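Listed below, chain by chain, are the residues.
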Amino acid sequence: MTTRRFAALSLPLLALLGSALIRAQSPTSPPPSQPTAATPAPPSQPSEVTLELSRNQKAKIRLAIPKYAATGFTGAEGSAAGAELESTVRRDLDFSGYFEIQGPEQLSGLTLTGDLLRDRDVYRSTGNEVLLAGDLREDQGKVVFEGRLFDLKSGQSILAKRYRGSFATARRIGHTFADEVIRYLTGGAGFALSEIAYVSERGKIKEIWLMDYDGGNPRPLTGHRSTSMSPAWNLAGDGVAYTSFVNGPPGVYFAEVASGKKRPLVTSGSLNISPSFAPDGGRLAFSRSVGGNIEIFSSDTGGGNLRRLTQSAAIDTNPAWSPKGGTIAFTSSRAGNPQIYLMDEEGASQRRLTFEGSYNDGASWSPDGAEVAYATRRDGRFQIAVTNVVAQETRVLTSGPGENESPTFSPDGRKIAFTSRRSGTKQIYVIDAADGANVRQLTTAGSNDMADWSRPK
Amino acid sequence: MARDAVDRVLAERGHAAERSRRAEMAALGVAAVLHLGVVAVAFGLAHFKPHQEPIEFISAQIVPAQALGVEKPRKRAEAPPAPTPEPPEPAAEPAPEPEPEPPAPEPVKPAAKPVPPPVPTGPLPRPKGWNDPLPTAPAAVPAKPTAPAPAKPTPPTPPAAKPPTPAKPGNSGGAPGPGAEAAKGTEAGPRGSAAGTAAGTSPFGDRIASIDPDFTYGYYIEQLLRQIDAKWTPPQAGTNIRTIVRFRILRRGDIDQLDVAESSGLNAFDLAALRAVQNASPFPPLPASYRNPTLNVTLIVR
């Protein structure tokens, strides 16, 4: 009897199996998804959601970040690495501007059990949408970090990542995870792994330095013990072109970031300064002295195939190649005082971009090529301004004293780093590109200037 | 910025002249410079080191919703009220993971998935709870089968080998074991198939997420609306006007099949709504625990 029942049950099963196989073999058979339609229909059409656009969205994602669990740390070094990793993630997310974060301090008022299962509603009670739970461990002298995101409404997991590295990589692990969180929650690319090249003057010597995007990990790139300036990242982000007086007349040089290797790019003639890479990396724009006047040239990256782009009796300098190619912004005093101009890559269609301010200089493109940031003199003081190249609308982002200049956009276009003397010495600061809010100082040691933010990768 | 490049150059030339005057001091300086140079190089090297130092990206597992006390059953309870007694078509087996993750014989605690009405499919060769939700993944591909789904044309074969929940052996930890099924969308780094090795088991639990066929991710919907709202500038139009647009979100967050499902009757209004969605994209990647390769969105815009 049992066998009969088994047979009865297995028969339809076999039939179904067979039919499935037949269907699969038939070349014209529908995709495998088709057969499943025959199974008990899912509740509703899955993967469907109907929404109504409502006007009062909270502007920021409300993120709860309780203290990470930490286990197995045997020494101070490991604990310090863990703590650094944790604070790096927190600072990165905070700085991104996407989140309204409730950290351990803000969450201290809640009665948490430490059990995610029970705490979900507690986190939600203070408005949180997403929970970031971190777990740190030491394992064979390395730090292991596991970071997870949970949707507090559904309790579903959004993201889970685990990293392992030496203690020295703690910051980088933190940056990496923070970028991942931003990508998963906003769809936007984070830039916590980007770097800023800049000029640091220490004891009358100006070298090119690099630092993390948040000012951490500052380190010299050049050691010419001369005057080096105007760093400009290549698009790959593995090297920086710059101007240096190391061999006498100023020339354009290049330094590889990983190896520190340097080589001259354009050193012929009496003066070559202010390099800017074309987006394809194959060409370089720079200022060059011709018969006592400074004009803009382009060349291939070996210095060959020199092409003159400007022909005015005034000074033309500080070229900035647009990130999508096709256009070069530059400074010219042809109208009597320095203003920002645009031209195409061959020097044609030269046109003036800025009309307000008696002195505009130091153009830097937004990553989407829609805007140009520069220093503008207003009421006798230099401020950072941004002009849309199509609409030609301008907004000024800084105010007050301090000689704000030398702006550069972050890889996602939402921040601008620039130089200011507001604290007495020249230091590099970051503000929101939209409105100049959220000022953050990146450098403190020495005198620092001419920041150039690495390009989006 | 080289605000005044020429001035700087001239100044530098002045320096140079001065330098020659101080030539005799140079000899002394050289020694000092060399020393400093050595220090600087050592300093630099120390700082560059981290660049070479690798970070391992280890795949991590998705935590089951149950771990957070999600009453998943409620949702599904209303769903399968009519559990057809006939064995769910073996075809249900296609259960192909949307991602080409070969080494993932998903180890899952059969009981983990609380499909409420345990269908009386006695001799079914596999626990229903496990396979049940997965088929929805391919099924979800609406109308147009996208690349990922057909990319895995193996589904029919498994039925034969259909092992009831491959309890993955040789796993670390006593828990059901971390599936090699990594957090997906983790293109970021080399996916360590050596998942649970060095890093051990996850402190958050090692079961694979249960799959929710309904889209209940609150954060995602909020963010979606947030992004669209930021780009929505309603044209001058009367009140009581509305348009319905539809689009599909792909796994990485980009969209396609954007169209007007129900026109407002005002072309400008429809176009503005489409433009808002277009400009707001890309959206966040679909959550890792959401198994469908796409999400269809119907959006009412007023």
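Everything that follows concerns the structure shown earlier in this document.
Residues numbered from 1 in each chain as written. Chains lettered and ligands numbered in written order. Predicted model: local features only at pLDDT ≥ 70, side-chain atom pairs only at ≥ 80, totals over all residues. Heavy atoms only, no water.

**Here we look at the overall build of chain B**
For step 1, the next point in the chain: In terms of regular secondary structure, chain B is built from eight helices and four strands.
For step 2, the next point in the chain: Taken from N to C terminus, the helices and strands of chain B fall in the order α-α-β-α-α-α-α-α-β-β-α-β.
For step 3, the next point in the chain: Within chain B, the fraction of its 302 residues that count as buried is 50%.
For step 4, the next point in the chain: In the structure as shown, chain B presents an accessible area of about 13,600 Å², 62% of it carried by carbon and sulfur atoms. (Helix = DSSP H or I, 4+ residues; strand = E, 2+ residues; numbered from the N terminus. Buried < 20%, exposed > 50% of the residue type's maximum accessible area, 1.4 Å probe, protein only. Areas by Shrake-Rupley, 256 points an atom, 1.4 Å probe, with all protein chains shown as cover.)

**Thoughts on the pairing of strand S20 (residues 327–332) of chain A**
All names here are of chain A.
For step 1, the next point in the chain: Here S20 lies mainly inside the structure; six of its six residues are buried.
For step 2, the next point in the chain: Here S20 shows no split at all, with Thr327, Ala329 and Thr331 on one side and Ile328, Phe330 and Ser332 on the other all buried.
For step 3, the next point in the chain: Note: strand S19 (residues 316–321) against S20, four bridges, orientation antiparallel. The partner of tryptophan 321 across the bridge, within S20, is isoleucine 328. (Pairing = 2+ DSSP bridges.)

**Section: the packing of aromatic side chains**
Each pair of aromatic rings is reported with the distance of its centres and the angle of its planes.
For step 1, the next point in the chain: Within the structure shown, the criterion is met by 20 aromatic pairs over all chains.
For step 2, the next point in the chain: Relative to B:Tyr217, the ring of B:Phe215 lies with its centre 5.0 Å away and its plane at 55 degrees, an arrangement referred to as tilted. No difference in accessibility class separates B:Phe215 from B:Tyr217, as the two residues are buried.
For step 3, the next point in the chain: Among the aromatic residues, those joined into a cluster by ring pairs are B:Phe215, B:Tyr217, B:Tyr219, B:Tyr220 and B:Tyr290.
For step 4, the next point in the chain: Positioned above the aromatic ring of A:Phe297, the side-chain terminus of A:Arg288 is 5.7 Å from the ring centre.
For step 5, the next point in the chain: The cationic tip of A:Arg422 hangs over the ring face of A:Tyr429; the distance from NZ or CZ to the ring centre is 5.0 Å. (Phe/Tyr/Trp six-rings, centres within 6.5 Å; stacked < 30°, edge-to-face > 60°. Lys NZ or Arg CZ within 6 Å of the ring centre and 35° of its normal.)

**Digging into the sheet that holds strand S21 (residues 339–344) of chain A**
Within a beta sheet, neighbouring strands are joined by backbone hydrogen bonds and run either parallel or antiparallel to one another.
For step 1, the next point in the chain: Overall, antiparallel pairing links the four strands, which are arranged S19-S20-S21-S22 (chain A) in an open sheet. Of all the strands in the sheet, just S19 and strand S22 (351–352) of chain A have a single pairing partner and so form its edges.

**Things to note about the sheet that holds strand S25 (residues 381–388) of chain A**
Residues and elements named next belong to chain A.
For step 1, the next point in the chain: Within the open sheet, the four strands sit side by side as S23-S24-S25-S26. Their pairing is antiparallel. For this open sheet the edge positions go to strand S23 (360–365) and strand S26 (394–396), each flanked by a neighbour on one side alone. The mean inter-strand angle of the sheet, taken between neighbouring strand axes irrespective of direction, is 25 degrees. (Axes fitted to C-alpha atoms, helices over the stretch in contact; angles between N-to-C directions.)

**Side note on the packing of helix H7 (residues 218–231) of chain B against helix H8 (residues 267–280) of chain B**
Residue and element names in this part refer to chain B.
For step 1, the next point in the chain: Put simply, H7 and H8 touch, their axes get as near as 8 Å, and they point 120 degrees apart. Taken together, H7 and H8 sit at an angle that is classed as oblique. Here the hand of the crossing between H7 and H8 comes out right-handed. Here Gln227, Ile228 and Lys231 of H7 come into contact with H8, specifically with Ala276, Val277, Asn279 and Ala280.
For step 2, the next point in the chain: Within the contact of H7 with H8, the residues separate by chemical class into four nonpolar, two polar and one charged. (Parallel < 35°, antiparallel > 145°, perpendicular 65-115°, else oblique. Left-handed = near helix turned anticlockwise from the far one by under 90°. Contact = heavy atoms within 4.5 Å. Nonpolar A, V, L, I, M, F, W, Y, C, P; charged D, E, K, R; others polar.)

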